[in-house]
Amino acid sequence: MRTCTKYWVKITCDERRVQVYRCITIRISSWMTNYVGTGMLRIVLEIGRFIPGFLLFPWMFVYIRQYFRSVLQNKDDDYEVDRYSSRPIQNEGIEWDANTIATRLVSAINAVLMSITGIISVYTTWNDLKFDRSPVLEPYVYLCLPYMMYDLWAMFVTYQSEKPLRKKQPLRQSLRLFYMDNTQIVTHHIFIALVLCPVYLYLLNGIGDFVVGTFCLAELSTPFLSLRVIIKQLKLDMPKLSLANDILFTVLFFICRVLMMPFCYWSVGRYFGVPFLGVPFFIPIKCNVVSGMLWGMQLLWFYKIFKKMLQLILGFSSRSTTHKDVSHSLTNGKVNGHEINCNIHNHND
């Protein structure tokens, strides 16, 4: 009887041990399914939201580059032709022009999308600057991050094609030289892609769409910058159009980028009932730090743009004065004090 009791106790203990192991296994598997599996699924879905941007912008760049490469080759009468295949030999100048035009056109397209996003966001969140949500801002941010990463790649490809010797350098050295020559714009893109976009998507929780939308309005001036570069790369002789475009670009840059930060601070003060000069002491320090970094970049760029703009205006006015003097002299029959002989017979002799 005692032996049977011991045997029964042993079986009971073994069954309980098996039940405990089974319970632990079931709980672990359910935890893996509910939390880890769901987390992995969320990560995969979150990554999938960025994929359209990573596919769209490079495709546009390649397509536009191929189109303008053929246009420039047909336009250039001096390019060489391979006598064996009757195909034009790759011209490094044409390659660089095509890359630059493609980069600028894609930049202009993104700027238009960003500007439309900013206009809609400011309009839909004006009543409640803190909690109102924009219907288009979050979908665009999923395009903005891939665009910033793509634009770095496109600028590097354009930088490499500008001089053929750069392609023969080691990749690490080329990247270092590229960063040294484009420190401001590279820092700007990395900061937006790795700091601002993740902060908006994962930390703000839908708060502050008005401020982010106001930042998007800064891209209103970018299409005019792209047009300026495209006119230069296509070698179009349109001085008046170029000057008008440069003036409009400078004015929009000042309104949408330099005055953007004071407008944001004024809007926050209006919403919370705080004086304009007291807003920096009312909002968190981290907001002032980020705003100061962005505004400092805009002020530095505007100083360079305005300085260049003055040089263009002065140069254009001096060329116009010279052209008028020459035209007046031609009308009077003199150029630099010398008589113009319009005798056809003497000219033929």
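Scroll up to find the structure.
Residues numbered from 1 in each chain as written. Predicted model: local features only at pLDDT ≥ 70, side-chain atom pairs only at ≥ 80, totals over all residues. Heavy atoms only, no water.

What the second largest pocket holds in volume is close to 1300 Å³. What lines the second largest pocket is a set of 43 residues, and nearest its centre among them are L204, G208, V211, V212 and F215. At the level of secondary structure, the elements contributing two or more residues to the lining of the second largest pocket comprise α3 (137–162), α5 (183–202), α6 (209–216), α9 (260–272), α10 (279–282) and α11 (285–332). Partitioning the lining of the second largest pocket into residue classes produces 35 nonpolar, 4 polar and 4 charged. (1 Å grid on protein atoms, 1.4 Å probe; cavity = no way out; pocket = protein on both sides within 12 Å on 5 of 7 lines; lining within 4 Å. Points joined across faces, edges and corners; volume = space filled by probe spheres on them. Helix = DSSP H or I, 4+ residues; strand = E, 2+ residues; numbered from the N terminus. Nonpolar A, V, L, I, M, F, W, Y, C, P; charged D, E, K, R; others polar.)

Turning our eyes to something else, we now look at the nonpolar core. Within the largest apolar cluster, 31 residues are counted, with the highest numbers of intra-cluster contacts made by F61, V106 and Y150. Only α1 (2–75), α2 (92–124), α3 and α5 provide two or more residues apiece to this core. In terms of residues, this core owes the most to one element, α3, which gives 11 residues. The residues touching F61, leaving out its near neighbours within four places in the chain, are N99, A102, T103, V106, Y150, W153, A154 and V157. (Core = buried A, V, L, I, M, F, W, Y, C linked by side-chain atoms within 4.5 Å. Buried < 20%, exposed > 50% of the residue type's maximum accessible area, 1.4 Å probe, protein only. Contact = heavy atoms within 4.5 Å.)

Tracing the backbone shows S107 in helix α2. Judged by its relative accessible area of 10%, S107 falls in the buried class. If sequence neighbours within four positions are ignored, S107 has contacts with Y147, T222 and S226.

Next up on the list: unusual backbone geometry. The phi dihedral of K235 is positive, around 55°, even though this residue is not glycine. With respect to the element layout, K235 can be found in the loop between α7 (222–233) and α8 (239–258). Look at K235 and you get exposed, because its relative accessible area is 63%.

One can describe the packing of α3 onto helix α4 (residues 171–181) by two numbers: an axis separation of 11 Å at closest approach and a directional angle of 105°. As far as their axial angle goes, α4 and α3 are roughly perpendicular. Here L152, M155, F156, Y159 and Q160 of α3 lie close against α4, whose contacting residues are L171, S174, L175, L177, F178 and D181. A breakdown of the residues in the contact of α3 with α4 according to their chemical character gives 8 nonpolar, 2 polar and 1 charged. (Axes fitted to C-alpha atoms, helices over the stretch in contact; angles between N-to-C directions. Parallel < 35°, antiparallel > 145°, perpendicular 65-115°, else oblique.)

Applying the stated criterion across every chain, the model contains 21 aromatic pairs. Residues W126 and F210 carry aromatic rings whose centres are separated by 5.7 Å and whose planes lie at 55° to one another, so their mutual orientation is tilted. One end of the pair, W126, is in the loop between α2 and α3; the other, F210, is in helix α6, with 84 residues separating them in the sequence. A relative accessible area of 31% places W126 in the partly exposed class. Three or more aromatic residues joined by ring pairs form one cluster here, namely F57, F61, Y147, Y150 and W153. (Phe/Tyr/Trp six-rings, centres within 6.5 Å; stacked < 30°, edge-to-face > 60°.)

With respect to the helices and strands, the residue H188 is situated in helix α5. Leaving out residues up to four positions away in the same chain, H188 has contacts with M297 and W301.

A separate point is the packing of α8 against α9. Interhelical geometry of α8 versus α9 gives an angle of 35° and a closest axis separation of 5 Å. Contacts between α8 and α9 involve I255, C256, R257 and V258 on the former and, on the latter, M260, M261 and P262. Across the contact of α8 with α9, the residue classes tally to 6 nonpolar, no polar and 1 charged.

Moving on to α7. In a regular helix each residue adds 1.5 Å, so 12 residues correspond to 16 Å; α7 covers 17 Å between its end C-alpha atoms and thus fits that length. Taken together, the buried positions of α7 are occupied by T222, S226, V229, I230, I231 and Q233. At the exit of α7 stands K235, carrying a positive phi of roughly 55°. (Expected span 1.5 Å × (residues − 1).)

So, about a nonpolar patch on the surface. On the surface, a cluster of nonpolar side chains totalling about 700 Å² of accessible area is made up of F54, M149, I190, L194, V195, V199, Y202 and L203. Considering the arrangement of structural elements, one finds F54 in helix α1. F54 gets classed as partly exposed once you look at its relative accessible area, which sits at 40%. (Patch = residues over 30% accessible without salt bridge, like charges linked within 9 Å, V, L, I, M, F, W, Y side chains within 5 Å. Areas by Shrake-Rupley, 256 points an atom, 1.4 Å probe, with all protein chains shown as cover. Salt bridge = Lys/Arg side-chain N within 4 Å of Asp/Glu carboxyl O.)

Attention now moves to the pattern of salt bridges. Opposite charge on two side chains permits pairing when their charged atoms draw close. Within the structure shown, the criterion is met by 8 salt bridges. Linking K235 and D97 is a salt bridge whose minimum nitrogen-to-oxygen distance equals 3.5 Å. Of this pair, K235 sits in the loop between α7 and α8 while D97 is found in helix α2, placing the two residues 138 residues apart along the sequence. In this structure, a network of salt bridges that share partners links the residues E46, R49, R133, E138 and D209.

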